[in-house]
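# Reading the structure
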Amino acid sequence: MVQILGVNFHELKLVKKALETFYALGPRTSERILAKHYIHPRAKMGSLAPKTITALTAELSTMKIENDARKEVQDNIKRLRDMGTYRGKRHGQNLPVRGQRTRTQIWTARKLNKIERRG
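These lines cover the structure that appears in this document, whether it is placed above or below. (Residues numbered from 1 in each chain as written. Predicted model: local features only at pLDDT ≥ 70, side-chain atom pairs only at ≥ 80, totals over all residues. Heavy atoms only, no water.)

Another point: the overall build of the protein chain. Along its length, the protein chain carries 6 helices and 2 strands. Helices and strands appear in the protein chain in the N-to-C order β-β-α-α-α-α-α-α. Seen through its principal axes, the protein chain has C-alpha atoms that stretch 55 × 30 × 25 Å. A total of 119 residues make up the protein chain; the buried ones form 29% of that total. Intrachain contacts of the protein chain at a sequence separation of at least 6 include 50% that bridge at least 24 residues. Split by element, the accessible area of the protein chain, about 8,500 Å² in all, is 51% carbon and sulfur. (Helix = DSSP H or I, 4+ residues; strand = E, 2+ residues; numbered from the N terminus. Buried < 20%, exposed > 50% of the residue type's maximum accessible area, 1.4 Å probe, protein only. Contact = heavy atoms within 4.5 Å. Areas by Shrake-Rupley, 256 points an atom, 1.4 Å probe, with all protein chains shown as cover.)

Below is the structure:
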C-alpha cells in the first residue's frame, strides 16, 4: 500500500487515477502533475520511488483540494445567495442553476444541486 496525504492506494492502481480520487483534481490537473514530476501516464503506484511519493505529497499539500475546495464552493454559493443574484436564488429554491429545463425532467438537476450545496 502506498500512502499519499493519509489515503492508502493499492500498488497496482494507476498514479493518474489515484490522483483523480482527490476532490477538485481532474484529469487535466493530474496529467500536469505527472508531467511536472516526470511520471509516465501509465505508471502504477507500486513502481514509484519513495522520493517521488514524497514530492507528490508535497505538491498536493500546497494545492487547494478536498475540504478546502469544498469550503470554497460553499462560500461561493453563500456569496451568490447573500448578493441576491439569480443563481443564488435558484440554489436557495433547490432548482436547476445552469439553465436546465424545469417543466419536466428536473429530478437529476435537483439531486445535483443538493449535492453541491451540502454543508
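With 13 residues, helix α3 (residues 50-62) extends 19 Å from end C-alpha to end C-alpha; this agrees with the ideal 18 Å at 1.5 Å per step. Every buried residue belonging to α3 is among I53, L56, E59 and L60, and all of these are buried. End-on, the buried residues of α3 take up no more than an arc of 125°, which puts them together on one face. Exposed and facing more than 90 degrees away from the buried side of α3 are P50, K51, T54, S61 and T62. Looking at the buried side of α3, the elements it contacts are β1 (2-4), α1 (15-20) and α2 (27-36). (Expected span 1.5 Å × (residues − 1). Arc of directions from axis to C-beta.)

Its place among the elements puts A18 in helix α1. Taking the C-alpha atoms as reference, A18 lies 9.3 Å from I4; in sequence the two are 14 residues apart. Residues in contact with A18, not counting those within four places in the same chain, are F9, K13 and M45.

What follows is about the pattern of salt bridges. Applying the stated criterion across every chain yields a total of 8 salt bridges. The salt bridge partner of E31 is K16, with a shortest N-O separation of 3.9 Å. With a gap of 15 residues between them, E31 in helix α2 and K16 in helix α1 connect regions that are remote in the sequence. For K16, a relative accessible area of 17% gives the class buried. For K36, the salt bridge identified is with E59, shortest N-O distance 3.0 Å. Of this pair, K36 sits in helix α2 while E59 is found in helix α3, placing the two residues 23 residues apart along the sequence. On the basis of relative accessibility, which here comes to 17%, the residue E59 falls in the buried class. A single salt-bridge network, built from bridges that share partners, covers K16, K17, E20 and E31. (Salt bridge = Lys/Arg side-chain N within 4 Å of Asp/Glu carboxyl O.)

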